[in-house]
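Residue-level listing of the chains:
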Amino acid sequence: VLVETEFISKTGSLFRMDRVLIDKDTITIIDFKTGGENTTRYAAQMKNYLGIIAEVYGNPTKGLLAYVDLNRVQEVL
């Protein structure tokens, strides 16, 4: 489990991911959100994270948006 870990994209941009869970077959990214739901914006951010992680580890990835205030988790494909 990586917590608040920074990764650099191909273009040199720095991204800090809330949680990265590294399993044998899958890498799962969990991004915690407070306040209201903004699926369009947050899903785009998560897809960027998934691309970065796929390049770094080469394993299948899964993204989860955890809306803390709403007590809800949404998967991003």
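Source: prediction; values computed, not measured.

Asks: Help me out: how do you make sense of the environment of Thr-34 in this one?
Replies: Note on placement: Thr-34 falls in the loop between strand S3 (27-33) and helix H1 (39-57). Overall, Thr-34 belongs to the exposed group, its relative accessible area being 57%. The residues touching Thr-34, leaving out its near neighbours within four places in the chain, are Val-68 and Asp-69.

Asks: Which parts of the structure should I look at to understand H1?
Replies: Given 3.6 residues per helical turn, the α-helix brings residues three or four places apart onto the same face. For H1, which comprises 19 residues, the first-to-last C-alpha distance of 26 Å matches the rise-based estimate of 27 Å (1.5 Å per residue) to within 8%. For H1, the full list of buried residues reads Tyr-42, Ala-43, Met-46, Tyr-49, Leu-50, Ile-52 and Ile-53. Lining the buried residues of H1 we find strand S1 (2-8), strand S2 (14-22), S3, strand S4 (61-67) and strand S5 (72-76). Positive backbone phi, approximately 70°, marks Gly-58, located one or two places after H1.

Asks: Whenever I open this one, the side chain of Ser-9 confuses me. Can you help?
Replies: Secondary-structure assignment places Ser-9 in the loop between S1 and S2. The class for Ser-9 is buried, based on a relative accessible area of 15%.

Quick notes on the rules
Residues numbered from 1 in each chain as written. Predicted model: local features only at pLDDT ≥ 70, side-chain atom pairs only at ≥ 80, totals over all residues. Heavy atoms only, no water. Helix = DSSP H or I, 4+ residues; strand = E, 2+ residues; numbered from the N terminus. Buried < 20%, exposed > 50% of the residue type's maximum accessible area, 1.4 Å probe, protein only. Contact = heavy atoms within 4.5 Å. Expected span 1.5 Å × (residues − 1).

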